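# Fold and contact review
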Amino acid sequence: MEVSITQYKRCDVVKAAGRVDSNTAPSLAEALDSITEAGRFKIVFDMKDISFVSSKGWWVLIDTQKKCKRYKRGELVLVNIHKEIQESLNLVGLGTYFQIFDDLTAAVGSF
Amino acid sequence: MEVSITQYKRCDVVKAAGRVDSNTAPSLAEALDSITEAGRFKIVFDMKDISFVSSKGWWVLIDTQKKCKRYKRGELVLVNIHKEIQESLNLVGLGTYFQIFDDLTAAVGSF
Amino acid sequence: MQRTRVFPGNYKSLAEISSFIEQSIKEAGLDTRDVYAVKLAVDEACCNIIDHAYGGEHKGEMEISVQVETDCLKIELRDQGKPFNPADVPPPQFNATLEELEEHGAGYYLMKKLMDSVHYEYSPQTGNRMILKKRIKN
Amino acid sequence: MQRTRVFPGNYKSLAEISSFIEQSIKEAGLDTRDVYAVKLAVDEACCNIIDHAYGGEHKGEMEISVQVETDCLKIELRDQGKPFNPADVPPPQFNATLEELEEHGAGYYLMKKLMDSVHYEYSPQTGNRMILKKRIKN
Ligand SMILES: Nc1ncnc2c1ncn2[C@@H]1O[C@H](COP(=O)(O)OP(=O)(O)O)[C@@H](O)[C@H]1O
Ligand SMILES: Nc1ncnc2c1ncn2[C@@H]1O[C@H](COP(=O)(O)OP(=O)(O)O)[C@@H](O)[C@H]1O
């Protein structure tokens, strides 16, 4: 899974395409860890081209959310999430842990 | 000329469509003034739907740029500017007074 | 009609399995939301087989059969890994604070939420069988 | 072929004038950049007529003639306002800091940069005539 990171003044935007499943979740985790390990904790995950997320994917995002919110130093927010993916996130009870934006600019502008 | 303003945490995005000429420049000036008068000096002008800008339009932007940059309190940046419009801005020697972004998110992310 | 395929028990199979499911259930005429639900449930079921029944990748195979009936979609997954007792699967962690959340589980719970029925059985002869059903609304 | 139209000397006319110019020069086959340049030059010329020759809106009319020749585009603007001397137009403010910039001017300079020639003449009989020319590259 190709993951791109764009670093802005106040936050980093992470973008990837395709499926986040047990096979690809480690690449996403690696990209997110590289950001938090650099001491940056304001992250936007642009899910526009993400077509599928299994529970393994959610745990990667939950793990990052914990790192970001610890000491109130930041937050991971989601943007452009496909409707079915959002529904399954809510179904599994994890929807409440993420702020979701409709628009990438609004997500970046929130930091 | 319809002008919309979207307020983000660190900056305001101004968007308008059509021509900025002697007829419409006052509406743009009014919108920009409403932002600076509210004490907000970080402004993104999204020119995606702007098809024409005469020198009257440039002077409105220069006026706002002066207000924003005074006391280093902010800046007006341009985004999605059509190629011909940018060329005429450079031709008249005013291109150097503005930072120009290709992407709205990058512009908002710069503040 | 019933379609059956055998996949190696590794994570690389998951994308292929999703495509196989999508192709196989096309004729059932489910809407995008239900198609997604079925693909996700099957993905979770396969991950559990790899992670728990086999205890890791490359230990065994997964046989998947898809049967589209007039009012119901039936997906059967078989493996030769170790059996488990669904009654022992802990319930999901509701109302946990972010810090309290333990980063695993949810897969089995999701399967039950996404499908209309989830049935598990084991016999030494046939191994593990997981049967997922989804009603087809007309 | 020559097209001529008369517009009221007000800012509302500017959008219509741009459309008139765009229609009238279509057959010349200029690229988008040159079409934009011509529209911008004419807009600046008309603003100067309204602002300086007439000293405001609703004081008089502007007659615009467009002539497309094989290798050249000619646009003539006429008004009955007060004449001016192009030699008196101050040069543009190059290298000024932002704070030093005076927020006017540039229109006449732009016209000369955008067109291949800008010619102005006045006679008491015909009033002001501004002739803008753009070469047509083939
Ligand atoms: N197919 C299976 N074979 C063996 N054990 C299973 C199987 N499916 C689920 N389990 C058991 O149930 C638990 C919960 O499963 P699940 O909710 O899918 O979450 P996770 O796989 O992330 O632990 C697992 O940790 C495992 O002990
Ligand atoms: N058509 C005109 N009639 C009278 N005066 C003109 C005309 N065009 C230009 N001028 C004079 O030249 C000056 C510079 O014009 P210009 O560069 O277009 O900038 P601006 O119109 O913003 O002042 C004007 O201030 C005016 O004094």
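Presented here is an overview of the structure given in this document. Only a predicted model underlies this, so the values are computations on that prediction, with no experimental measurement involved. Counting of residues starts from 1 at the beginning of each chain's written sequence and follows it residue by residue. Written order decides the labels, with chains lettered from A and ligands numbered from 1. The predicted nature of this model means local features are confined to residues of pLDDT at least 70 and side-chain atom pairs, given and counted, to a pLDDT of 80 or more, with totals for whole chains, interfaces and linings taken over all residues. As a rule here, side-chain values come from all non-hydrogen atoms in the structure, and water together with hydrogens is ignored.

This next bit is on the sheet that holds strand 4 (residues 117-123) of chain C. All names here are of chain C. Any two strands with at least two DSSP bridges between them are considered paired. Strands are runs of DSSP state E lasting at least two residues, helices are runs of H or I lasting at least four, and both sets are numbered from the N terminus onward. The antiparallel open sheet is built from five strands, whose spatial order is 1-2-3-5-4. A strand with exactly one partner marks an edge of an open sheet, and here the two such strands are strand 1 (2-8) and strand 4. The average angle at which neighbouring strand axes cross in this sheet is 15°, direction not considered. Direction of pairing for strand 4 relative to strand 5 (residues 127-135): antiparallel, over a ladder of seven bridges. The residue of strand 5 that forms the bridge with S123 is G127. We call two residues in contact when some of their heavy atoms are within 4.5 Å. Orientation is described by lines fitted to C-alpha atoms, with helices fitted over the stretch in contact, and by angles between N-to-C directions that extend from 0 to 180 degrees. Those strands touched by helix 2 (residues 32-53) are strand 2 (61-68), strand 3 (72-79) and strand 5, and its axis lies near 15° from that of strand 3. Here helix 3 (residues 107-114) sits on the sheet in contact with strand 4 and strand 5, set at roughly 40° to strand 5.

The interface of chain D with chain B comprises 31 residues on the first partner and 26 residues on the second. Buried area, as used here, totals the accessible surface that two parts lose on assembly, with accessibility defined by a 1.4 Å probe and the loss added over both. Interface area lost by chain D to chain B is led by D:Y36, D:L98 and D:E103, which between them contribute 31%. Should a side-chain nitrogen of Lys or Arg be within 4 Å of a carboxyl oxygen of Asp or Glu, the pair is scored as a salt bridge. Linking chain D to chain B there are five salt bridges. Between D:D51 and B:K56 there is a salt bridge, with its nearest N and O atoms 2.6 Å apart. Each polar contact in these results corresponds to two N or O atoms within 3.5 Å; when the atoms are within protein, one needs to be able to donate a hydrogen and the other to accept it, and residues that are neighboring in sequence are counted only if both atoms are side-chain atoms. Linking chain D to chain B there are 11 residue pairs in polar contact (both at pLDDT 80 or more). Mapped by element, the contributors of at least two residues to the side of chain D that touches chain B are helix 1 (13-25), helix 2 (32-53) and helix 3 (107-114) of chain D.

Another aspect to go through is the interface of chain A and chain C. Where the parts come together, the accessible area they lose is often given as the size of the interface. The interface is formed by 26 residues belonging to chain A together with 31 residues belonging to chain C. Taking both sides of the interface into account, the surface hidden between chain A and chain C amounts to around 2,400 Å²; carbon and sulfur atoms contribute 60%. Summed over the three residues of chain A that lose the most area to chain C, namely A:W59, A:K66 and A:L91, the buried surface amounts to 25% of that side. In this structure, the salt-bridge partner of C:E99 is A:R70, at a minimum N-O distance of 3.5 Å. For the pair chain A and chain C, the number of links is 11 residue pairs in polar contact (both at pLDDT 80 or more). No other element matches the eight residues that helix 2 (residues 55-69) of chain A contributes to the side of chain A that touches chain C. Classification used: nonpolar for Ala, Val, Leu, Ile, Met, Phe, Trp, Tyr, Cys and Pro, charged for Asp, Glu, Lys and Arg, polar for all others including Gly. When grouped by side-chain class, the residues that make up the side of chain A that touches chain C number nine nonpolar, eight polar and nine charged.

Turning next to the side chain of B:D46. Residue and element names in this part refer to chain B. Tracing the chain through its elements places D46 in strand 4 (residues 42-46). For the buried residue D46, which engages in no salt bridge, the nearest side chain bearing the opposite charge is K15, 4.4 Å off. In terms of polar contacts, D46 uses its side chain to reach the backbone amide nitrogen of K48, at 3.1 Å. Among residues more than four places away in sequence, those in contact with D46 are V13, V14, K15, A16, V79, N80 and L104. The cut-offs for exposure are 20% and 50% of the maximum accessible area for each residue type, with area from a 1.4 Å probe on protein chains only; residues under the lower value are buried, those over the upper are exposed, and the others partly exposed. For the purpose of charge, His is not counted, nor are the chain termini; Lys and Arg are scored as positive and Asp and Glu as negative.

Counted according to the given criterion, the structure contains 39 salt bridges over all chains. Across the pair B:K67 and B:D33 runs a salt bridge, and its minimum N-O distance is 2.9 Å. You can see B:K67 sitting in helix 2 (residues 55-69) and its partner B:D33 sitting in helix 1 (residues 25-37), a full 34 residues away along the chain. One salt bridge in this structure joins D:E27 and D:R3, with 3.2 Å as the shortest N-O distance. Of this pair, D:E27 sits in the loop between helix 1 and helix 2 while D:R3 sits in strand 1 (residues 2-8), placing them 24 residues apart in sequence.

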